[in-house]
Amino acid sequence: MDLHLHRADYLQVGVTSQKTMKLLPAARHGATQKVVIGDHDGVVLCFGMKKGEAVAVFKTLPGQKIARLELGGLLNMPQEKIFIAAGSEIRGFTKRGKQFLSFETNLTESIKAMHISGSDLFLSASYIYNHYCDCKDQHYYLSGDKINDVICLPVEKLPRITPVLACQDRLLRVLQGSDVVYEIEVPGPPTVLALHNGNGGDSGEDVVFGTSDGKLGLIQITTSKPIHKWEIRNEKKRGGILCVDSFDIVGDGVKDVLVGRDDGTVEVYSFDNANEPVLRFDQVLSESVTSIQGGCVGKDGYDEIVLSTYSGWVTGLTTEPVHRESGPGEELKLNQEMQSKISSLRSELEHLQYKVLQEREKYQQSSQSSKAKSAVPSFSINDKFTLNKDDASYSLILEVQTAIDNVLIQSDVPIDLLDVDKNSAVVSFSSCDSESNDNFLLATYRCQANTTRLELKIRSIEGQYGTLQAYVTPRIQPKTCQVCQYLIKPLSLHQRSHCIDHDRKGEGVFKSDNISTISILKDVLSKEATKKKINLNISYEINEVSVKHTLELIHPKLEYQLLLAKKVQLIDALKELQVHEGNTNFLIPEYRCILEEADHLQEEYKKQPAHLERLYGMITDLFIDKFKFKGTNVKTKVPLLLEILDSYDQNALIAFFDAA
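Report follows, based on the coordinates.

When helices and strands are counted, the protein chain shows nine helices and 37 strands. Over its C-alpha trace the protein chain gives a radius of gyration of 29 Å, about what one expects of a compact globule, namely 26 Å for 660 residues. Based on the C-alpha atoms only, the size of the protein chain along its principal axes is roughly 85 × 75 × 70 Å. Put simply, the protein chain has 660 residues, and 46% of those count as buried. Long-range contacts, defined as pairs at least 24 residues apart, comprise 53% of the intrachain contacts of the protein chain with a sequence gap of at least 6. By element, 50% of the accessible surface of the protein chain is carried by carbon and sulfur atoms, the whole surface being about 35700 Å².

Here you go:
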């Protein structure tokens, strides 16, 4: 069956963080639920829907930014106590809004993630994990990399307390007390963890994880080892996953997985007979989805997906049909509820327009006064700079709570800006004086009206490291700008490996198939050691076979690009033949295939100069580095090498490397 959901926006609060919106349990089956949400202004708002209007149950006073919101309560009972993490403090509220807990954890960093199970509280700041029971410190762990999320396997089903940390170094760390039992490598930096089906599945050991590069997976965490059950690769190159929930929205009796991504995509995965996830529904919103829940909010008996976005919108995707059909000659009358809703919206709009006019006049008068003081308006930026290993590029995502006017990108190292389909901004490049002041790139993206999110793709050159800066100017008065900085590292296109053969104190052993990687490491380490006046002994062992092996690894990619060029050259001639003959039956299968894929091939061919240039650059670097380790400078032979690459033959290339 197809899933049809209709969007309904409920209300807007301040800017929200990841996992800060929950639905309180329903009083009875099918009844509407209250929504509770916390924002960056420190306000906790609980509201329900009555006759299509959002009605507040309670609202707290502003305070410190709320980083997480969780529900808790006695084990095996409805979880209707509200807990929030703000700074280093945990506060608890009843469902009526009465504060019953204020617990200062005395952590040196702000709390980033939280999980609650009965009287157990699991917290993590950037690198520190703490476990409290009845607000008393129990266990502590210092992680080697940033902790993005924390969860605990259900103690109702298992005889032990098993916390799981999602860490930035692509590991899930399974703890027992204050010690790591084992580590699980996942395909990308994990950003979110959730118990499968909301209760850890039949075994109580099933955990769903989502990564910052958009992959989703299910792992069973047993006492001794992990069992990988399924994994969804991010084939469509969608955004990173920020929130996950389990809820039966399809209505087949099996809980579906609801996913919210940072590019605004909402997805529903249901399970086939083999328990493999299948995508049943997706919809794209204009900003990142920070929280997602399944439940019933708008109208009794109609299930929906409730989500909060970065700028604070609470939105429902409901199963309630919004279209009514009438036969010929029938009239569709608006019911009383709809008419009153339209008139209240009209009056609200008029009131807002009048208020804006008043404030504008007030601002004009005060700005002309001699006593006026100018204040720089503050705004928050949600940014992410991640490596996409599939196409060796970086994604830079900038999201602002108001519309973006323009973004200036500046870099002190050579980088390429790649095309992004979702990006409708107009880009203009300024000439740079790279020799005198290390300014290699100056590009301005001018955004269209109401753009709050901008996605850029960047490709760096390995070995050239420095800083990339983004100057973000939103459409607010008076004009103001914020600068975000991102480090481009020497081995910027490498990903962390967890397989280390041996490592001793004061010594590091680096291995690579590619000599260029070792060459970059040697240069950077020598430069940094000289800067810090550290004595460093570097010895290296070069295996001659590795050069041929690296060329063989590059060969299929290079061959594919050159073959692509030949195929594209044939397209026009084949199309002419097709028109002349009326069909393609007379063509050999290879040519028929070229015609069928013509659009895709031409699209890919547009990107080819960049691909070929990158592959040529890798081969040139390999050639120079091979002889650099032998103490020979072969830069004069590079033009010869490029000639061989233009009339590419693998054997001729290997022979040139050997002969030089």
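On the basis of which strands lie adjacent, the open sheet formed by four strands has the order 1-28-27-26 and antiparallel pairing. The outermost strands of the open sheet, each flanked by one partner alone, are strand 1 (6–12) and strand 26 (289–295). Going from strand to strand, the sheet's axes swing by 20° on average, the running direction of each strand aside. As paired elements, strand 27 (residues 304–309) and strand 28 (residues 313–318) share five bridges and run antiparallel to each other. In the sheet register, E304 faces strand 28, and the bridge partner there is T318.

For the rest of this paragraph, the subject is the nonpolar core. The biggest cluster of nonpolar side chains holds 29 residues, and the ones touching the most others in it are L396, I409 and L468. At four residues, the largest contribution of residues to this core is made by strand 30 (residues 393–400). Among all residues touching L468, those that are not within four sequence positions of it are F385, L396, I409, Q410, S411, I415, I458, C484, Q485, Y486 and I488. Counting residues in hydrophobic clusters, the runner-up holds 23 residues, among them L551, Y616, I619 and L653.

At N76, a position not held by glycine, the phi torsion is positive, near 65°. With respect to the helices, strands and loops of the structure, N76 is situated in the loop between strand 6 (66–72) and strand 7 (81–86). In this structure, C135 takes a positive phi of about 65° despite not being glycine. Mapped onto the fold, C135 is located in the loop between strand 12 (128–133) and strand 13 (136–142).

Thresholds, definitions, all that
- Residues numbered from 1 in each chain as written.
- Predicted model: local features only at pLDDT ≥ 70, side-chain atom pairs only at ≥ 80, totals over all residues.
- Heavy atoms only, no water.
- Helix = DSSP H or I, 4+ residues; strand = E, 2+ residues; numbered from the N terminus.
- Rg over C-alpha atoms; globule rule 2.2 N^0.38 Å.
- Buried < 20%, exposed > 50% of the residue type's maximum accessible area, 1.4 Å probe, protein only.
- Contact = heavy atoms within 4.5 Å.
- Areas by Shrake-Rupley, 256 points an atom, 1.4 Å probe, with all protein chains shown as cover.
- Pairing = 2+ DSSP bridges.
- Axes fitted to C-alpha atoms, helices over the stretch in contact; angles between N-to-C directions.
- Core = buried A, V, L, I, M, F, W, Y, C linked by side-chain atoms within 4.5 Å.

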